[in-house]
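Overview (structure and organization)
Letter by letter, the chains look like this.
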Amino acid sequence: MDDQALTPARHLVLVLGDQLDAKSRAFDGFDPAVDVVWMAEVAEEAEHVWTTKPHIAIFLSAMRHFREDLRARGIRLRYRCLDDPQNRGGFGAELCGAVDELRPRKLIVVQPGEWRVQQILLDAAGSRGVELEIRPDDHFLCSRQQFAEHVAGHKRLVMGTFYRAMRRGTGVLMDGKKPVGGKWNYDAENRKSFGKKGPGRVPAPRAFAPDAVTREVLALVDERFTDHPGGLAHFDWPVTPQQATEALEDFVRNRLEEFGPYEDAMWTGQPTLYHSRLSAALNLKLLDPRRAIGVAEEAYRQGRAPLNSVEGFVRQILGWREYVRGVYWHTMPGYAERNELGADLPLPGFYWTGETDMHCLRACIQQTLDTGFAHHIQRLMVTGLFALLLGVDPAEVHRWYLAVYVDAVEWVELPNTLGMSQFADGGVMATKPYCASGNYIRRMSNYCDACRYDPARRLGEDACPFTTLYWDFLMRHEERFGGNPRMALQLRNLGRLDEDERWAIGRRAAQVRRRVAGS
Ligand SMILES: Cc1cc2nc3c(=O)[nH]c(=O)nc-3n(C[C@H](O)[C@H](O)[C@H](O)COP(=O)(O)OP(=O)(O)OC[C@H]3O[C@@H](n4cnc5c(N)ncnc54)[C@H](O)[C@@H]3O)c2cc1C
Ligand code: SF4
């Protein structure tokens, strides 16, 4: 902890691990002569879910780099390190301790990224009788107030409608009142797979070798969280604003062009393909989303990237990212409890080791544990899909996703997991469940080529567990989805199965569940 004369402090400005933006509203009116910044590394944040080493390391490294930056600018700082013997282990206790010592008149914080953390801060402030001012988070392009107005003005929440409103409101990719190119969405051009030949040479994303600060963190995480899953040998994430900008420029220069067409494709040994790998930098607030959107739009306007790729990338950030944040704050805390499909199985143990004979799951989980990253389709249509078809309790699925990815912060992770991937919110995030058989994975990847199962078979010893469970999922929820026009085709196909085949699928699905439960 910095022990420069910190008392008396007028305001204690709280900076959380995912708020590493020196231009945030927390610093409005900051007076270095009388105000102090408070930051704390606490074990509770790595333990309330069994967080992987890459996830812990990226937060601590980015926090320590931010601390160095504040120090260099002469800002007074109370920074509690994880390995400080005085560390009280949780935000609440740490904050109470700081308030007792520094006796600030007011605490200031930008709205946290997690409802749970906001409650901890409110409770700590309440217990010490000190005012806590929660300021809006200007990192996002849509304020909570704007989102609430959007909800009030529409019968149903639909991402596409929200996205169009965001495009109109910001002028991004607009020609006057019309979308650039005449269409709002180029998804029809963005569903390519690589075919037998594979992707060929894909430009590797910019890697950042750990500097002294990061190396210290990696050693600390390895020692302190020895029994946590995940490895640190591949840690190469951007941990400063400068590095985040370099990562963005590298993406736009080398991968944006093919981002759109191959957005949904997967390939063994290619964890990133044409994705940006910018989510952690964005969520830690090392990178301004306006900048990411602006640089991509400029590449299109200058003829360096095609519209289908640029629009696809912009939609992820201006559309999905803003939308899930709106949904999270609009529906919490009740949202986290939802379980519309009544799923109640435990998460299979192999999610924490990758040890399974299903090749797609083995590849995606091992990559996740090694690097803290998997791209969207790996999350949605491999790990998420299997949990959905199996019938895993969505709260368990949520805890896994929150623990394993370097970009995981609850405001973005929860709606994606509980809503989009598990359909546990009954259709707030998605109009139908993302359910598919192993044939989808075969079409979009080469995982099945090296697998002992056959994605085309739903019955028999070689039947792909995804395919068996897909038909079982449709059978189990046939009535529920009967009225959903977007499920009509899938349910029509189910209707072609006779009673014997249905019975055999149910029996085979029960075997798969028994085997998975023992894994
Ligand atoms: C089950 C599940 C859990 C997820 N958990 C997280 C999470 O904890 N944190 C997280 O940032 N994203 C999460 N996502 C969304 C998405 O998978 C990641 O943002 C993306 O894979 C990150 O890789 P990238 O930076 O290469 O993204 P790209 O494919 O290059 O997309 C560009 C950017 O768009 C944003 N974006 C893309 N898709 C989404 C989305 N569905 N929701 C919100 N933002 C999006 C991200 O900021 C991303 O960096 C989750 C998705 C699923 C299906
Ligand atoms: S056959 Fe099934 S389990 Fe094997 S890789 Fe393909 S989808 Fe996955």
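An account of the accompanying structure is given in this report.

The rules we used
Residues numbered from 1 in each chain as written. Chains lettered and ligands numbered in written order. Predicted model: local features only at pLDDT ≥ 70, side-chain atom pairs only at ≥ 80, totals over all residues. Heavy atoms only, no water. Helix = DSSP H or I, 4+ residues; strand = E, 2+ residues; numbered from the N terminus. Rg over C-alpha atoms; globule rule 2.2 N^0.38 Å. Buried < 20%, exposed > 50% of the residue type's maximum accessible area, 1.4 Å probe, protein only. Contact = heavy atoms within 4.5 Å. Axes fitted to C-alpha atoms, helices over the stretch in contact; angles between N-to-C directions. Parallel < 35°, antiparallel > 145°, perpendicular 65-115°, else oblique. Left-handed = near helix turned anticlockwise from the far one by under 90°. Near = heavy atom within 4 Å. Polar contact = N/O pair within 3.5 Å; in protein donor to acceptor, adjacent residues only side chain to side chain. Salt bridge = Lys/Arg side-chain N within 4 Å of Asp/Glu carboxyl O. 1 Å grid on protein atoms, 1.4 Å probe; cavity = no way out; pocket = protein on both sides within 12 Å on 5 of 7 lines; lining within 4 Å. Points joined across faces, edges and corners; volume = space filled by probe spheres on them. Nonpolar A, V, L, I, M, F, W, Y, C, P; charged D, E, K, R; others polar. Pairing = 2+ DSSP bridges. Sits in = over half its atoms within 2 Å of the grid points.

Next up on the list: the overall build of the protein chain. When helices and strands are tallied, the protein chain shows 21 helices and seven strands. In summary, the protein chain has a C-alpha radius of gyration of 24 Å against a globular reference of 24 Å for 519 residues, a match within 12%. Each principal axis of the C-alpha atoms in the protein chain carries an extent, and together these give about 80 × 55 × 45 Å. Taking all 519 residues of the protein chain together, the buried fraction comes to 59%. Taking the contacts inside the protein chain whose residues are at least 6 apart along the sequence as the reference set, 77% of them involve residues at least 24 apart.

A separate point is the packing of helix α12 (residues 307–331) against helix α16 (residues 410–421). Across the interface, α12 lies against α16 with an axial gap of 8 Å and an inter-helix angle of 90 degrees. In terms of orientation, α12 and α16 fall into the roughly perpendicular class. Residues Trp320, Arg321, Val324, Arg325, Val327, Tyr328 and Trp329 of α12 form the contact with α16, whose own contacting residues are Glu410, Trp411, Val412, Leu414, Pro415, Asn416 and Met420.

Looking now at the packing of helix α2 (residues 53–72) against helix α7 (residues 212–224). At a minimum axis separation of 9 Å, α2 and α7 run at an interaxial angle of 140 degrees. Relative to α7, α2 is oriented oblique. α2 and α7 meet at a crossing whose hand is right-handed. Together, Lys53, Ile56, Ala57, Leu60, Ser61, Arg64 and His65 of α2 and Val213, Thr214, Glu216, Val217, Leu218, Leu220, Val221 and Asp222 of α7 make up the contact between the two elements.

Now for the site of ligand 1. Taken together, the neighbourhood of ligand 1 is formed by 29 residues, with His275, Ser276, Arg277, Asn283 and Asn416 sitting nearest. At 3.5 Å from a nitrogen atom of ligand 1 is found a side-chain nitrogen or oxygen belonging to Arg379. Here Asn416 contributes a side-chain N or O atom positioned 2.9 Å from a nitrogen atom of ligand 1. When contributions to the shell around ligand 1 are tallied by element, the ones reaching two or more residues are α10 (279–283), α12, α14 (376–390) and α16.

Another aspect to go through is the pattern of salt bridges. By the definition in use, this model includes 40 salt bridges. The salt bridge partner of Arg379 is Asp407, with a shortest N-O separation of 2.8 Å. Separated by 28 residues along the polypeptide, Arg379 in helix α14 and Asp407 in the loop between α15 (394–404) and α16 bring together distant segments of the chain. With respect to class, Arg379 is no different from Asp407; both count as buried. Across the pair Glu478 and Arg502 runs a salt bridge, and its minimum N-O distance is 3.1 Å. One end of the pair, Glu478, is in helix α19 (residues 478–481); the other, Arg502, is in helix α21 (residues 499–517), and 24 residues separate them in sequence. Residue classification places Arg502 among the buried residues on the basis of a relative accessible area of 16%.

Evaluation of the coordinates by the stated rule reveals seven cavities of 30 Å³ or more. Contributing to the lining of the largest cavity are 28 residues, with Gly17, Glu45, His55, Phe59 and Phe91 lying nearest its centre. For the lining of the largest cavity, the elements supplying multiple residues, two or more each, are α1 (44–47), α2 and α4 (115–128). When grouped by side-chain class, the residues that make up the lining of the largest cavity number 17 nonpolar, five polar and six charged. There is about 90 Å³ of room inside the second largest cavity. Forming the boundary of the second largest cavity are 13 residues, of which Cys360, Cys448, Cys451, Tyr453 and Cys464 lie nearest the centre. Among the elements of the structure, α13 (359–371), α17 (438–444) and α18 (465–476) are those that each provide at least two residues to the lining of the second largest cavity. When grouped by side-chain class, the residues that make up the lining of the second largest cavity number 11 nonpolar, two polar and no charged.

Of the two faces of strand β1 (residues 11–14), the one lined by His11 and Val13 and the one lined by Leu12 and Leu14 are each fully buried. The pairing of β1 with strand β4 (residues 106–110) spans four bridges and is parallel. Bridging from a neighbouring strand, Leu12 pairs with Leu107 of β4. Alignment of β1 against strand β2 (residues 36–40), held across three bridges, turns out to be parallel. Across the sheet, Val13 pairs through a bridge with Val37, a residue of β2.

Taken in spatial order, the five strands make up an open sheet running β3-β2-β1-β4-β5, and their pairing is parallel. Strands with a single pairing partner mark the edges of an open sheet, and in this sheet they are β3 (77–80) and β5 (131–135). Across the sheet, the mean angle separating the axes of adjacent strands is 20 degrees when strand polarity is ignored. Relative to β5, β4 runs parallel, the two sharing five bridges. Following the sheet pairing, Ile108 is matched in β5 by Glu133. Together, β2 and β3 form the strand contacts of α2, whose direction differs from that of β3 by roughly 155 degrees. Lying over the sheet, α4 contacts β1, β4 and β5, oriented at roughly 155 degrees with respect to β5.

Bringing the site of ligand 2 into the picture now. Contacts to ligand 2 come from Met358, Cys360, Gly438, Ile441, Tyr447, Cys448, Cys451, Tyr453, Pro455, Cys464 and Phe466. Here ligand 2 is seated within the second largest cavity. In the shell around ligand 2, the residues fall into 10 nonpolar, one polar and no charged.

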